[in-house]
Amino acid sequence: MADPEIKSYEPLHESRSAAVTESRPVRITLTTVTLVFLGVFLLLPLIIVFKEAFAKGVGAYFQSLGDADTRSAIRLTLLVAAISVPLNLVFGLSAAWAIAKFEFKGKAFLTTLIDLPFSVSPVISGLVYVLLFGAQGLLGEWLKAHGIQILFAVPGIVLATVFVTFPFVARELIPLMQEQGNGDEEAALSLGANGWQAFWYVTLPNVKWGLLYGVLLCNARAMGEFGAVSVVSGHIRGLTNTMPLHVEILYNEYNAVGAFAVASLLAGLALVTLVLKTLLELRYGAEIAATRGH
Amino acid sequence: MEVRVVNVRKEFERFPALHDVSLDIRSGELIALLGPSGSGKTTLLRLIAGLERPTKGAVFFGDEDASQKSIQERNVGFVFQHYALFRHMTVADNIGFGLKVRHGAARPPAQEIRRRALELLDLVQLSGLEKRYPAQLSGGQRQRVALARAMAIEPKVLLLDEPFGALDAQVRRELRRWLREIHDRTGHTTVFVTHDQEEALELADRVVVMSQGRIEQVGGADEIYDTPNSPFVYSFIGESSALPVKVENGEVWLADRPIGLPAPHAPSGEAQLYFRPHDVELVDGCSGCIAGTVAASRRVAGTRRVELEVGGERQRVEIELPVDHPAAQKSRVAFRPRRWKLFPTA
């Protein structure tokens, strides 16, 4: 049978019409302002970080990275990210699932609550944990009696990081899942899939790119968090110092090379995140666009 | 598989979407649920599928009460209005999905699943497209893949929600004929929802006309069109004109004169007179007829549609005339409906 749906398409028109095009001087001015702004506020600091890190040569750079305290800070940061990112992956996914796919009372409240870490200063988030778990805090007595150390230890740092990075995955997924609706899941169920199969074969693949974005951003923030972690960490060298805290300590000790060497690692992480994100968009752009709508 | 819907009521947050609906669907039948939006037709379809649970009442598949069964256990093939194809899977994987998610011995080997998928793809006349993704298909092709996917699980019942709603007119007509062919070949009991009466009347063995959460009438195309049982069905199906009249002494009266329509069995009192605009005879000299002044006259395809103002209250009614009929040029036209029906005004 001849396919009845083949239509002829008109050639695409130039998408910019004359009416909305600005005059040449305006265009040049706007572009220049943007580029200068980006250069001064984003590119220049990045260059300075690397310049300072290598100020005394490659040898000094690697020597300061090899320092025991520095290595311990790197390990701690990796550990904290390795715990908090998977936690937030699961939390974010289930929160987004609940909000996008079901109707329940207090949904608007929950949505607002998820945004809370974005709107509260990280220092406050840290202080909340001090008030909860500190020696004079709400649970302090009980924790002390049972010999559980949360503040000024890894658990406290993980808690603060989880709190601060909570919204990234959820925020990325909620609009995506809301837009996609329940249709695909209903189709999967009607074909005999159970809930788990519907999630694994249909829901998850539909949101995988959004999920990956969320995880990348969440990871970058988890490794770079300063404020909240600073309040709960106690700054014990070699024990509770994460990379951002260690940068501050080294800098305050006038160890510029050491400070900027660690900072360059963090900056490198940010760059890797951006490059990964761009590569994903280039490689799977069509597919990402396709899963975002029909 | 025969399906019986028994006294089903469905409420959404206390708002009733279906009131006490009962319907018998025969085995192998192709049946249409027809109604305007908000009439409850999609809700009824989703209740049969198990996508919704009834607030009251039951749904039987054969002699089995299916109302307590989940959608997976009911084994129905559901085709969604917007297809709901899995966009990250190829056409073949989409069709094979229902077999792939089966457990244990019920799950055929991968090769068998693939063979079934290709076979179904052939049935829906899309051979060769098995490696495409849904985004690479046209609307009509997606709809056919959705149907193939629903049929892959060898369902007891096929349920289609506005299957051609999102397609353009020509494709709709083509797919309509094609769906009828598929149905005749496979013999599935099939229920589809539509708001397009032409689609329902042309395609279905029987049509269920619904309005405001109730079933108004169930019947074949002839029955629904020729003997509508309510003012709603009369005006919803096909063209119709209505006039407020009175029944007295076994005759129909318009204002103060009889219009030559005997109604010996109708109860006396106020009523609405319904008739089809094309089913009228023109009369000369009015003794027992409906006469009116021509208010407007439009050429519509093969006929001329004339709007008349009738009686002292200038009620507007429409009749259809042959294109070259001289009456269209006159300022007054008198006619009498050939077939008509009275509905007492409540």
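Please read all numbers here as calculations on a predicted model, not as lab measurements. (Residues numbered from 1 in each chain as written. Chains lettered and ligands numbered in written order. Predicted model: local features only at pLDDT ≥ 70, side-chain atom pairs only at ≥ 80, totals over all residues. Heavy atoms only, no water.)

**Side note on the overall build of chain B**
Looking only at helices and strands, chain B features nine helices and 20 strands. By its C-alpha atoms, chain B is 80 × 45 × 35 Å across when sized along the principal axes. When each of the 346 residues of chain B is scored for burial, the buried share is 51%. Of all intrachain contacts in chain B linking residues separated by at least 6 positions in sequence, the fraction that spans at least 24 positions is 65%. When the accessible surface of chain B is summed, it comes to about 15800 Å², and 46% of that surface belongs to carbon and sulfur atoms. The average position of the 47 basic charges and that of the 46 acidic charges among the side chains of chain B differ by 5 Å. (Helix = DSSP H or I, 4+ residues; strand = E, 2+ residues; numbered from the N terminus. Buried < 20%, exposed > 50% of the residue type's maximum accessible area, 1.4 Å probe, protein only. Contact = heavy atoms within 4.5 Å. Areas by Shrake-Rupley, 256 points an atom, 1.4 Å probe, with all protein chains shown as cover. Lys, Arg positive; Asp, Glu negative; His and termini not counted. Charge placed at Lys NZ, Arg CZ, Asp CG, Glu CD.)

**Thoughts on the overall build of chain A**
In terms of regular secondary structure, chain A is built from 13 helices and zero strands. N-terminal to C-terminal, the α/β element order of chain A is α-α-α-α-α-α-α-α-α-α-α-α-α. Taken over C-alpha atoms, the radius of gyration comes to 24 Å for chain A, far larger than the 19 Å a tight globule of 294 residues would show. Dimensions along the principal axes, computed over C-alpha positions, put chain A at roughly 75 × 55 × 35 Å. In chain A, 73% of the contacts between residues at least 6 apart in sequence involve partners at least 24 apart. Carbon together with sulfur atoms contributes 69% to the accessible area of chain A, which is approximately 16700 Å² in total. Seen as two clouds, the 19 positive and the 21 negative side-chain charges of chain A have centres 6 Å apart. (Rg over C-alpha atoms; globule rule 2.2 N^0.38 Å.)

**Describing the sheet that holds strand β11 (residues 241-248) of chain B**
All names here are of chain B. Ordered in space as β13-β12-β11-β14-β20, the five strands form an open sheet in which the pairing is antiparallel. Edge positions in the open sheet fall to β13 (257-262) and β20 (340-344), since each of these has one partner strand only. For this sheet the average axis-to-axis angle between neighbouring strands, irrespective of direction, equals 40 degrees. One ladder, built from five bridges, connects strand β14 (residues 269-275) with β20; its direction is antiparallel. Note on β20: the bridge partner recorded for F275 is W340. (Pairing = 2+ DSSP bridges. Axes fitted to C-alpha atoms, helices over the stretch in contact; angles between N-to-C directions.)

**Remarks on the interface of chain B and chain A**
It is common to give the size of an interface as the accessible area that goes away when the parts come together. Contact residues are listed per partner, giving 30 residues for chain B and 26 residues for chain A. Surface buried jointly by chain B and chain A totals about 2600 Å² across both partners, of which 58% is contributed by carbon and sulfur atoms. Connecting chain B to chain A are two salt bridges. Here R46(B) and E186(A) are joined by a salt bridge, their closest N and O atoms 2.6 Å apart. Inspection of the region where chain B meets chain A yields six residue pairs in polar contact (both at pLDDT 80 or more). Among the secondary structure elements, those contributing two or more residues to the side of chain B that touches chain A are α2 (71-74), β6 (76-79), α3 (91-100), α5 (139-151) and α6 (169-186) of chain B. Taken together, the residues that form the side of chain B that touches chain A break down as 14 nonpolar, nine polar and seven charged. (Buried area = accessible area lost by both parts, 1.4 Å probe. Salt bridge = Lys/Arg side-chain N within 4 Å of Asp/Glu carboxyl O. Polar contact = N/O pair within 3.5 Å; in protein donor to acceptor, adjacent residues only side chain to side chain. Nonpolar A, V, L, I, M, F, W, Y, C, P; charged D, E, K, R; others polar.)

**As for the packing of helix α5 (residues 122-133) of chain A against helix α7 (residues 154-165) of chain A**
Residues and elements named next belong to chain A. Where α5 contacts α7, the two axes come as close as 10 Å, and the packing angle between them is 140 degrees. For the element pair α5 / α7, the angle class is oblique. α7 is crossed by α5, and the crossing has right-handed handedness. For the pair formed by α5 and α7, the contact residues are S125, Y129 and F133 on the first element and L159, A160, F163 and V164 on the second. Classifying every residue of the contact of α5 with α7 gives six nonpolar, one polar and no charged. (Parallel < 35°, antiparallel > 145°, perpendicular 65-115°, else oblique. Left-handed = near helix turned anticlockwise from the far one by under 90°.)

**With respect to the packing of aromatic side chains**
How two aromatic rings sit relative to each other is given by the distance of their centres and the angle of their planes. All names here are of chain B. Scanning the model with the defined rule gives 20 aromatic pairs over all chains in all. Aromatic pair F275 and F335: ring centres 5.7 Å apart, planes at 50 degrees, arrangement tilted. Of the two residues, F275 sits in strand β14 while F335 sits in strand β19 (residues 332-337), which places them 60 residues apart along the sequence. On the basis of relative accessibility, which here comes to 0%, the residue F275 falls in the buried class. Its relative accessible area of 0% is what places F335 among the buried residues. (Phe/Tyr/Trp six-rings, centres within 6.5 Å; stacked < 30°, edge-to-face > 60°.)

**Considering the pattern of salt bridges**
Applying the stated rule across the entire model yields 34 salt bridges over all chains. We note a salt bridge from R237(A) to E253(A), for which the minimum N-O separation is 2.2 Å. Of this pair, R237(A) sits in the loop between α11 (227-233) and α12 (243-252) while E253(A) sits in the loop between α12 and α13 (256-291), and the two are 16 residues apart along the sequence. The shortest N-O distance in the salt bridge between R46(B) and E52(B) comes to 3.2 Å. Owing to a relative accessible area of 18%, E52(B) belongs among the buried residues under this scheme.

**Examining the confidence of the model for chain B**
Residue and element names in this part refer to chain B. Here chain B shows a mean pLDDT of 90. Residues at 70 or above account for 100%. Taken element by element, chain B is modelled with least confidence in β13, mean pLDDT 85, and with most confidence in strand β9 (residues 206-211), mean pLDDT 96. As a predicted assembly, this complex carries a pTM of 0.80 together with an ipTM value of 0.84. (pLDDT = per-residue confidence, 0-100.)

**Comments concerning a nonpolar patch on the surface**
On the surface, L35(A), V36(A), F37(A), L38(A), V40(A), F41(A) and L42(A) cluster together to form a nonpolar patch covering roughly 720 Å² of accessible area. By the element assignment, F37(A) lies in helix α1 (residues 24-53). (Patch = residues over 30% accessible without salt bridge, like charges linked within 9 Å, V, L, I, M, F, W, Y side chains within 5 Å.)

**Some remarks on the sheet that holds strand β4 (residues 56-61) of chain B**
All names here are of chain B. The antiparallel open sheet is built from four strands, whose spatial order is β2-β1-β4-β5. Each edge of the open sheet carries a strand with a single partner, namely β2 (15-25) and β5 (64-65). When β4 meets β5, the two strands line up antiparallel, connected through two bridges. Note that in β5 the partner of F61 across the bridge is E64.

**Some thoughts on the environment of K56(B)**
Residue and element names in this part refer to chain B. Within the secondary structure, K56 sits in strand β4. In this structure K56 comes out as exposed when scored by relative accessible area, which is 55%. Along the chain, K56 and V6 lie 50 residues apart, while their C-alpha atoms are 9.2 Å from each other. Apart from the residues lying within four places of it in its own chain, the contact partners of K56 are N7, V8 and R9.

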